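Fold and geometry: a report
Listed below, chain by chain, are the residues.
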Amino acid sequence: MSAPDERRDGRFDVPLRVSAPDAEPARMNGHHPGTPDEPDTAATDEVVARGSAVPDRPGDHWDRKVAKGLAFLRRRLSGDYEVDEFGFDPEITEAVFHPLLRALYRDWFRTEVTGLEHVPAEGAGLVVGNHSGTVALDALILSAALHDQHPARRYLRLLGADLVFRMPVVSEIARKTGGTVACNPDAERLLGNGELVGVFPEGFKGIGKLYSDRYKLQRFGRGGFVSAALRTGTPIVPVAIVGGEEIYPMLADIKPLARLLKLPYFPVTPTFPLLGPLGMVPLPSKWLIEFCPPIPTAHLTDSADDPLVVFNLADQVRETIQQTLHQLLERRPDPFGP
């Protein structure tokens, strides 16, 4: 008889079955010896119990992302999406704007948010915050962080100055993300619809103040936000934001140039206008945001036109925010720390 590796009629002799010498006698490769065609019911039951019979292939995750992106583009191009009476577009807010803001508040500013239990899970609420930063990033960061971290994932409908809605591109973005003009009729309509509304009573006086005046609250105007809350019986939630003052430290204001450009101020910061467009990159300050206990107004609905009640309530909100700012600054001694 010839050896197995010798040729015989142009063929090799190959054994029909070769058993691994080290294989377990009871099971080899998940099968019982002698019954190669019988399914391993125990292994099948184990897979079914785990809830996944076929694991995802490496490309499946990206296939789903591409399919989701194409479906999004198809809806946008066909107009198959909804906006409310103010122009708010929830889909594009979550798909486009919130991811950009999320990278800023999580990774760049390392934002910590506390007191979210004070924000209503449903129904109307008026969130009142301090304003700062030369560019009003604090309002956008607040809205994105609130939506991401609140258990009910609520949208914050921001009230903005007239100038915001006179700027061609900025106006469209503000409307798409849920903003509207800071006036009592719009605020009352939103609150009447059970929305969560955000307002910054300092306005341009807050975001345009010098760095030497950082975290000193400016005047709250005539308290229009209080009147809107009183007329709708909406609780007022003060919120203190630390970190915005350091992103563009404003060293000076070139007033003649601001008047020429019809701007409320023209800032000079350590990086702008010296570095040109690069000066628009915000400095990576550490942010702390704290929501304070709500101030009820349902028992004061008949006093919406009483100047004394409005002033006292506005002063209470302002003092609450100022005291909370002091406490947060003590917790964050280094503006650019971890």
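Look up: the structure comes first, before these words.
Residues numbered from 1 in each chain as written. Predicted model: local features only at pLDDT ≥ 70, side-chain atom pairs only at ≥ 80, totals over all residues. Heavy atoms only, no water.

Let's talk about the environment of His98
- Residue placement: His98 occurs in helix 3 (residues 90-108).
- Residue His98 is classed as buried on the basis of its relative accessible area, which comes to 5%.
- Here the alpha-carbon distance between His98 and Ala145, two residues 47 residues apart in the chain, equals 8.9 Å.
- Apart from residues lying up to four places away in sequence, His98 is in contact with Thr93, Ser143, Ala144, His147 and Tyr155. (Helix = DSSP H or I, 4+ residues; strand = E, 2+ residues; numbered from the N terminus. Buried < 20%, exposed > 50% of the residue type's maximum accessible area, 1.4 Å probe, protein only. Contact = heavy atoms within 4.5 Å.)

Some words on the nonpolar core
- The biggest cluster of nonpolar side chains holds 32 residues, and the ones touching the most others in it are Leu126, Val128, Phe225, Ile236, Val317 and Ile321.
- Going through the elements one at a time, strand 2 (125-129), helix 6 (184-192), strand 5 (196-199), helix 8 (224-232), strand 6 (236-242) and helix 10 (307-331) are the ones with two or more residues in this core.
- At eight residues, helix 10 tops the list of elements feeding residues into this core.
- Apart from residues no more than four positions distant in its own chain, Leu126 is found in contact with Leu191, Val197, Val199, Phe225, Ala229, Thr234, Pro235, Ile236 and Val237.
- Listed in part, the 26 residues of the second largest apolar core include Phe109, Val113, Leu196 and Phe291. (Core = buried A, V, L, I, M, F, W, Y, C linked by side-chain atoms within 4.5 Å.)

Structural notes on empty space enclosed by the protein
- Tallied over the entire structure, the rule returns one cavity of 30 Å³ or more.
- Looking at the largest cavity, its volume works out to about 40 Å³.
- Lining the largest cavity are Gly133, Thr134, Ile207, Lys209, Tyr211, Glu245, Tyr248, Pro249 and Met250.
- Here the residues of the lining of the largest cavity sort into five nonpolar, two polar and two charged. (1 Å grid on protein atoms, 1.4 Å probe; cavity = no way out; pocket = protein on both sides within 12 Å on 5 of 7 lines; lining within 4 Å. Points joined across faces, edges and corners; volume = space filled by probe spheres on them. Nonpolar A, V, L, I, M, F, W, Y, C, P; charged D, E, K, R; others polar.)

Considering the side chain of Thr93
- By the secondary structure assignment, Thr93 is in helix 3.
- Apart from the residues lying within four places of it in its own chain, the contact partners of Thr93 are Phe88, His98, Pro99, Tyr155, Lys176 and Thr177.

Thoughts on the environment of Gly115
- Counting through the fold element by element, Gly115 comes out in the loop between strand 1 (112-114) and strand 2.
- Each C-alpha atom of the pair Gly115 and Glu290 lies 5.5 Å from the other, and the pair is 175 residues apart in sequence.

Some remarks on the pattern of salt bridges
- As enumerated under the stated definition, the model contains 14 salt bridges in all.
- When the shortest N-O distance is used, the salt bridge between Glu195 and Arg157 registers 3.6 Å. Taken together, the residues span a long stretch of sequence, with Glu195 in the loop between helix 6 and strand 5 and Arg157 in strand 3 (residues 156-160) at a distance of 38 residues.
- By relative accessible area, Arg157 is classed as buried at 1%.
- The salt bridge partner of Arg189 is Asp186, with a shortest N-O separation of 3.4 Å. Here Arg189 and its partner Asp186 are both found in helix 6, three residues apart, which amounts to about one turn of the helix. (Salt bridge = Lys/Arg side-chain N within 4 Å of Asp/Glu carboxyl O.)

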